[in-house]
Protein chains: 4
Amino acid sequence: MSDYRLENRFWFFKTGAYRVLQYIVLAGGLAAMTATTTSNINPELRSWLAISLWCCLGLFACDLLVKSWPLSGTAGASNYLFSAAGLIDALAILPIPLALLIGVSPDTAWLLASLWVLKLTIFVPGLSLLGRVISLEARLLASVLVIFVIVLLLAAVAMHVLERGNQPAQFGNLPLSLWWAVTTLTTTGYGDAVPQSLLGRMIAGVVMICGLGVFGLWTGILATGFATEYRRRDFVRNWDLVTRVPFLRNLDPPAVIALTRLLRRLELAERTIVVRRGRPGDCMYFVVSGEVEVEIEPQPVRLGPGSFFGEIALLEGGGTRMATVVTTAPSTLLILEVSDFRDFMAHHPELARIIEMESVRRASVIKGRSFDAHQSP
Amino acid sequence: MSDYRLENRFWFFKTGAYRVLQYIVLAGGLAAMTATTTSNINPELRSWLAISLWCCLGLFACDLLVKSWPLSGTAGASNYLFSAAGLIDALAILPIPLALLIGVSPDTAWLLASLWVLKLTIFVPGLSLLGRVISLEARLLASVLVIFVIVLLLAAVAMHVLERGNQPAQFGNLPLSLWWAVTTLTTTGYGDAVPQSLLGRMIAGVVMICGLGVFGLWTGILATGFATEYRRRDFVRNWDLVTRVPFLRNLDPPAVIALTRLLRRLELAERTIVVRRGRPGDCMYFVVSGEVEVEIEPQPVRLGPGSFFGEIALLEGGGTRMATVVTTAPSTLLILEVSDFRDFMAHHPELARIIEMESVRRASVIKGRSFDAHQSP
Amino acid sequence: MSDYRLENRFWFFKTGAYRVLQYIVLAGGLAAMTATTTSNINPELRSWLAISLWCCLGLFACDLLVKSWPLSGTAGASNYLFSAAGLIDALAILPIPLALLIGVSPDTAWLLASLWVLKLTIFVPGLSLLGRVISLEARLLASVLVIFVIVLLLAAVAMHVLERGNQPAQFGNLPLSLWWAVTTLTTTGYGDAVPQSLLGRMIAGVVMICGLGVFGLWTGILATGFATEYRRRDFVRNWDLVTRVPFLRNLDPPAVIALTRLLRRLELAERTIVVRRGRPGDCMYFVVSGEVEVEIEPQPVRLGPGSFFGEIALLEGGGTRMATVVTTAPSTLLILEVSDFRDFMAHHPELARIIEMESVRRASVIKGRSFDAHQSP
Amino acid sequence: MSDYRLENRFWFFKTGAYRVLQYIVLAGGLAAMTATTTSNINPELRSWLAISLWCCLGLFACDLLVKSWPLSGTAGASNYLFSAAGLIDALAILPIPLALLIGVSPDTAWLLASLWVLKLTIFVPGLSLLGRVISLEARLLASVLVIFVIVLLLAAVAMHVLERGNQPAQFGNLPLSLWWAVTTLTTTGYGDAVPQSLLGRMIAGVVMICGLGVFGLWTGILATGFATEYRRRDFVRNWDLVTRVPFLRNLDPPAVIALTRLLRRLELAERTIVVRRGRPGDCMYFVVSGEVEVEIEPQPVRLGPGSFFGEIALLEGGGTRMATVVTTAPSTLLILEVSDFRDFMAHHPELARIIEMESVRRASVIKGRSFDAHQSP
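Residues numbered from 1 in each chain as written. Chains lettered and ligands numbered in written order. Predicted model: local features only at pLDDT ≥ 70, side-chain atom pairs only at ≥ 80, totals over all residues.

S.K.: I tried to follow the nonpolar core on my own but got confused; where do I start?
M.R.: Core analysis: the largest hydrophobic core is formed by 238 residues, its most contacted members being Leu152(A), Ala181(A), Ala181(B), Leu152(C), Ala181(C), Leu152(D) and Ala181(D). With near-sequence residues (within four places) excluded, Leu152(D) lies in contact with Leu178(D), Ala181(D), Val182(D) and Leu185(D). (Core = buried A, V, L, I, M, F, W, Y, C linked by C-beta atoms within 7 Å. Buried ≥ 20, exposed ≤ 12 C-beta atoms within 10 Å, placed from the backbone. Contact = placed C-beta atoms within 7 Å.)

What follows is the structure in structure tokens.
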């Protein structure tokens, strides 16, 4: 969300360890905040909780200070406070001291620490997707909301008329009836207000069924929109990667597009086992960046960006991996599942021939104990 | 919904401000109606509420009068009362005075003001879509409803037999059992009637699972139908716009169809920023109507209907916008997302070449400080 | 479901009026049965209800007798009793007298009249589809059920251990805990058993979220399967109709398949208005069987099977219907929506040219006041 | 899940009867465990339940022993204990004696028998699919979970502030408020904690609607992912079968891929009727392995692997089966539905011609009373 870059001397704030630390502080702070609201804890524990809450607040403040410090030099620094992430960071820090200053009781002021949970949105990229879906489908979602409101109001009025005589405490005025209607239409059903008359119950039944219908539309719109947007974003990212692999980039354009739709990204750390010898193979891999090592005798072969591996198990009979492959550096791979592999090979025989020839050569080499990486020409 | 046109001298009723006013009156009226049903308000406030309700009613009556006034001259005027919108308008006005006339107490009569909420259907176009989906999928939805009714009745009878001995107040007759069944099958679960016997609880468990199944079908049918119809309606609207852009209309027909499916409409007011210099670019734009201004040095360039912009960020490396673009008039644009852009360009190389050539020309011009609009020949 | 055919002298049993009568008898019978279970009705009404129940039973028996009477002569008659519909008919009739004979009290025996609701399955064809979906997706649905059972049992045991001390009446033994688990996992939530301990509530939260997940899978599998099967069945029916229209049948095979997927059936009674002059047109029609009349001056034109109409509004500018079209006999039409029309025309230029030429001829004829039906060659 | 193979002398453990026995023991054991937790059973029954529980445990132990016995000879045997299935088997056996040894009361120790339900995961292959979907969609599901957590916490804090004064027992501290929030957001709605203030109820309404939204996303992601993975796995299995049928394997590659997507597997036991003479035919069959017998006069014809049947009903007018077909050995068939048949034939005229010629020959033969199997060349 924020493409803010820290200067090198603040390198620690860019590490994964720092991110894990932030998660821990966040979880700990929220737990402490939750604990302080309970009454049956002894004063000593209570003071410790207060201290830990102040510590969390202090750490968040430091984090914000460092990120927005002018001395950190980069152009982005001064902007950090005004980015979405910066605003959330500020929102997590400022309200609590402010509330204490204007005289709010500490018990209530510290409830504002619940805003810390918003920091999760900085870490989870999928949320911006949701915002985009909601803005794209706004008109449809508004239509469903209007149906919701119409059913809600009419049901509430009908129930108010029918039940106000017998149950004034539950349906005596329209706000009470609306409360019943909203709990029923969402099928929550607390049971604190239940129609007693026959006609009232019939209407309630219709409201419940309408609730299922409204719910169904809501679900369908959000789920479809989310899936579409997700696939679109995935396509763009995959395309960037595919065009970095010379071997794939040189295919004719429709084939590149088809392949981009089929591939799946995989980011791996150093020394991770990608495939294990003897295991069944259900996909092949393209190396976008980083490097992998194929562990064959007498000495392992290294494959760099632009090479592929794992195709032998898909082409030869047994379907088992003939060698273990391990990353030697943080690597980005593209995965082609066996079902998509068969599909793609069938429709692009020229590519199929290249991969098959390479595969045959490699398989013979493995049996004859030497192995060279296929590097795209 | 209504294509009624007002005469020029009634121009005010066509403005956006009037629509906003209607929303406010509607919301205010409904809030006042809700408030009058509560008992703990002082008499003075109550009289103010009554006055505001009468005002709302008066305003709606004026609105209807003007729209259906013969003097407004257009052919449609006399028909307005018999259109769907006119009927809803009449339904919102007439019942209240009628109820007061025949002697219904004001408290009850004003509850009819809840019908005002139906006016929302005039403003929200998506509702006609829902009606169409329901009529198209009627047979399927009826099938699900029949399953619902069968499970409902059989469950109610079974529970009546099993529980009437122990819980006569909850399951003593079939209507009571049916009430339990409907709250359970919709997974609302008020908890006012709960089976106590072991067998009864087993049946209840099965009913709940059936409820999930019925719900699932219902959801699936409505959501799928809604998505299909929405896409169909969108296609028709987009096609109308695409064929107004000469540059696109002259593509071969399958390409026009493919493009129509990919594009998204965007209606913008005057002086709205479309793209901002330096921001990442993830789509290109076609101008259908209106005009935009590309803010480049030494003097901005204006692009009218039939031109396109925003393609440079998709074709060149960085992917950032090279200039800010602002509308100079209310404009209709068509958006092509980067993922669809790549797809379309791959399958239509001749179009790709035209756009690329234009883009190269423009990019060089921007660097060389002059810029001409591409106008379709 | 049943392809049983009645002899001509029993023609009444084949009419739509008879079907409506059956619906009324069914609804009336079920209502009477429901009413008899309530205690607060006076004896006179009760005896009337009993009489009407016996009448319904008698009518259903007559219906079954006639349908399975050997004298009705057709080969199918003797089989009717053993068809699915016959079994349901028998199930609706026999149990009640049987129960009365073996000494069950009338109040309980008449509850068996709830089986009459199964007769709805004879009328609603969509139910066989559901059965097919369930059998096709059985393995997937079973997987979801297994997840359901595992979560259910483990949650029940955990809650039993945690809560049996404090709430022996709610969680004192495993069946009670299972009851809580099933109401929670289906998100019904009666509220008769609620965990009180902190750990119990945490587990309950996880169970609810699992419930949403299980529910989601269940929904997805059923809805997707239903949609697929429905489209498949629709395709087969449409294909039968398309191949009856010579004009369409002679297209090249892939075009026939594509068109079959796009078309929608419409069965119309005699003297139904299909399109109305001056209304906006959003589809064209093919006549499969029956006949329609185009009401143009000086005298209407009749179009029989194999002809098409409604294409002018899609091709010419305004998009409004130029003439009213009415069926003169019960007709089956195929509808091509405007979005699919544009798509199909773009991909099949040769068909587009034929339809356009015919349309131009007709449009000129309408303006010149004569009109001939296009009959496929 | 486990591809463990038993030696021949342990053949019994590989039979279907053994599997059914395991199901029965599993169901019996779980029922006995459930029964022992209830207090109102007499001591004699209780001792019988204890005995049956010990028997179940013993049987499971035997099963595990045999499967992991070194003497069973195969290489896999020693690995069984460390496979997923072996771990589940061990988890079902060991905890109970262990708990008894360390002095847990038998009542509580036997509750661990609920772990036996995990054995169902060994039998149901669909579960590994679910695991894969969750790992593939982990980032999206995590995003939804984060939304869930944010709404949950903010709603709980808001409700705590608003309601702690009036309802300290329900909203007096944050854990209590969180409990309310989780039951509301999942639309379970126990009703043990219900907001009373107007503002609180408004917030609750928003929380319920958010719940529907979160639920919708969750449902959509899981259902879409499940459907995609299922289709992918199906494709791979079908492809393996299609390439075993010479007649299909020799089609051009894109046709093989298209056909693989359309076909459906069917595993049949010996002497099962596949199609019945005179019934409507809605699909054709390819024999992958096993053998079927076409029952025609004067003597039946047998069709082995690589042959097809059932196409006559799809090609000829009536659409009814001309002969009954029965399996003579356990067979694997591939089914092509009529809708997919028409589609495939339209796009692959060369295959259509072969099947039609064969069909014509067969149909004439059936009428002329002899019939030869089509064997792929």
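S.K.: Where do I start with the relation of the copies chain C and chain D in this structure?
M.R.: Each of the two chain copies can be generated from the other by rotation about an axis followed by a shift along it. By a simple turn and slide, chain C fits onto chain D: the slide is 0.0 Å along the axis, the RMSD is 0.1 Å, and the turn is 90°. Here the two chains are linked by the operation of a four-fold rotation axis. (Least-squares fit on C-alpha atoms with pLDDT ≥ 70 in both.)

S.K.: What's the story with the packing of helix H9 (residues 138-163) of chain D against helix H12 (residues 198-242) of chain D in this structure? I'm lost.
M.R.: Geometrically, a packed helix pair is captured by the angle between its two axes and the distance between the axes. All names here are of chain D. One can describe the packing of H9 onto H12 by two numbers: an axis separation of 10 Å at closest approach and a directional angle of 170°. What the angle tells us is that H9 and H12 run roughly antiparallel. Across from Leu 140, Leu 141, Val 144, Ile 147, Phe 148, Val 151, Ala 155, Ala 158, Met 159, Leu 162 and Glu 163 in H9, the residues of H12 making contact are Leu 199, Gly 200, Ile 203, Val 207, Cys 210, Val 214, Leu 217, Trp 218 and Ile 221. Partitioning the contact of H9 with H12 into residue classes produces 18 nonpolar, one polar and one charged. (Axes fitted to C-alpha atoms, helices over the stretch in contact; angles between N-to-C directions. Helix = DSSP H or I, 4+ residues; strand = E, 2+ residues; numbered from the N terminus. Parallel < 35°, antiparallel > 145°, perpendicular 65-115°, else oblique. Nonpolar A, V, L, I, M, F, W, Y, C, P; charged D, E, K, R; others polar.)

S.K.: It is not clear to me how the sheet that holds strand E2 (residues 273-275) of chain B should be interpreted in this structure. Could you clarify?
M.R.: Within a sheet, each strand pairs with its neighbour through backbone hydrogen bonds, oriented either parallel or antiparallel. Residues and elements named next belong to chain B. The four strands are arranged E2-E7-E4-E5 in an open sheet whose pairing can be described as antiparallel. Each edge of the open sheet is held by one strand with a lone partner, namely E2 and strand E5 (301-303). When the angles between neighbouring strand axes are averaged without regard to direction, this sheet yields 30°. Of the pairings in the sheet, the one linking strand E4 (residues 292-295) to strand E7 (residues 324-327) comprises four bridges and is antiparallel in character. Bridge pairing links Glu 293 to Val 326 in E7. (Pairing = 2+ DSSP bridges.)

S.K.: Sorry, what's going on with unusual backbone geometry here?
M.R.: Most peptide bonds are trans, and most residues other than glycine sit at a negative phi. A positive phi angle is found at Thr187(A), which is not glycine, with a value near 55°. By the element assignment, Thr187(A) lies in the loop between helix H11 (174-185) and helix H12 (198-242).

S.K.: I tried to follow the sheet that holds strand E5 (residues 301-303) of chain D on my own but got confused; where do I start?
M.R.: Residues and elements named next belong to chain D. Ordered in space as E2-E7-E4-E5, the four strands form an open sheet in which the pairing is antiparallel. Each end of this open sheet is capped by a strand with a single partner; those strands are strand E2 (273-275) and E5. Mean inter-strand twist for the sheet, computed between neighbouring axes without regard to direction, equals 30°.

S.K.: Honestly, the domain arrangement of chain A in this entry has me stumped. Any pointers?
M.R.: Often, the extent of an interface is quoted as the loss of accessible area on bringing the components together. Annotation of chain A at the domain level lists domain 1 (8-124), domain 2 (138-229) and domain 3 (253-367). Summarising the inter-unit geometry, the C-alpha centres of domain 1 of chain A and domain 2 of chain A are found 39 Å apart. (Domains from an automatic or database assignment.)

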